[in-house]
Amino acid sequence: MARSEPDDRRRQREERTALRRKEILRAATEIFGTRGYKSGSLTEIAEQVGMTHAGILHHFGSKNQLLLAVLDYRDEQDVQDLEGKHPPEGMALFKHLVATARYNAKRPGIVQTYAVLSADSVTENHPAQDYFRDRFTELRVMLIRSLRQICDPERMPSESELDTAASAIIGVMDGLQVQWLLDDGAVDLPQSTAFAIDAILAALVAGRTGDRLA
């Protein structure tokens, strides 16, 4: 009869595996961010963490699965300090978006990875296409829900107006990130984000409390 692995040894092995996976994800984030998904190779990622190509596949199975894990890793980074690890709602959500822009200004690698992969995902058969399509859908739903919460119930914008405002906020944030990546000295990322979202809210929400983002 095979002897079971002691709990402490199994725990140590699991911790080593988790640490190794995180190292791979950080390296993949950098490689995919600078070279794109198609040009960034598993061999480059493996070399950066002192592993073999086969070692990367052992942990993630395929390049596609590694890409999706990188995107999940980015999402986890965005909410790691939030209560319940989930974005807030109402006016707090829009303040959170500005805080995220401020945080992003300190982590260009993550921002670059997102910008490159989201642009790449529009190409045919890209493995992250479903991820980004679903992400934008979920963001619009989340934004629309919060927009409803800050609007006067008696002067509620139409569904079309709410959807347009939500799409505009997403577009502004992504567009500002690209400008900032190309020339960070020309763009104050958090301040520009706050200004743009404030303008969208002011255009949409009549008679709101005057709670400003910046």
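For the structure itself, look to the data block above.
Residues numbered from 1 in each chain as written. Predicted model: local features only at pLDDT ≥ 70, side-chain atom pairs only at ≥ 80, totals over all residues. Heavy atoms only, no water.

1. Quick notes on unusual backbone geometry
If you check the backbone angles, Asn 125 has positive phi at about 65 degrees while not being a glycine. Tracing the backbone shows Asn 125 in the loop between helix 6 (108–120) and helix 7 (129–150). (Helix = DSSP H or I, 4+ residues; strand = E, 2+ residues; numbered from the N terminus.)

2. Some words on the packing of helix 6 against helix 7
Packing of helix 6 against helix 7 brings their axes to within 9 Å, and their N-to-C directions diverge by 105 degrees. Taken together, helix 6 and helix 7 sit at an angle that is classed as roughly perpendicular. Only Phe 132, Arg 135 and Phe 136 of helix 7 make contact with helix 6, whose side of the interface consists of Tyr 114, Leu 117 and Ser 118. Of the residues contributing to the contact of helix 6 with helix 7, the split by class is four nonpolar, one polar and one charged. (Axes fitted to C-alpha atoms, helices over the stretch in contact; angles between N-to-C directions. Parallel < 35°, antiparallel > 145°, perpendicular 65-115°, else oblique. Contact = heavy atoms within 4.5 Å. Nonpolar A, V, L, I, M, F, W, Y, C, P; charged D, E, K, R; others polar.)

3. Some details on the nonpolar core
The biggest cluster of nonpolar side chains holds 26 residues, and the ones touching the most others in it are Ile 24, Phe 32, Ile 45, Ile 56 and Leu 66. At the level of secondary structure, the elements contributing two or more residues to this core comprise helix 1 (7–39), helix 2 (42–48), helix 3 (53–60), helix 4 (63–79), helix 6 and helix 7. Element by element, the count of residues in this core is highest for helix 1, at seven residues. In terms of nonpolar packing, the next biggest core, distinct from the first, is built from 22 residues, Phe 94, Ile 144, Ile 169 and Met 173 among them. (Core = buried A, V, L, I, M, F, W, Y, C linked by side-chain atoms within 4.5 Å. Buried < 20%, exposed > 50% of the residue type's maximum accessible area, 1.4 Å probe, protein only.)

4. Here's the deal with the packing of helix 1 against helix 3
The packing of two helices is summarised by the inter-axis angle and the distance between the axes. One way to put it is that helix 1 packs onto helix 3 with a least axis distance of 11 Å and a crossing angle of 115 degrees. Of the possible angle classes, the one that applies to helix 1 and helix 3 is roughly perpendicular. In the packing of helix 1 onto helix 3, the handedness of the crossing is left-handed. Contacts from Thr 17, Arg 20, Arg 21, Ile 24 and Leu 25 in helix 1 reach Ile 56, His 59 and Phe 60 in helix 3. (Left-handed = near helix turned anticlockwise from the far one by under 90°.)

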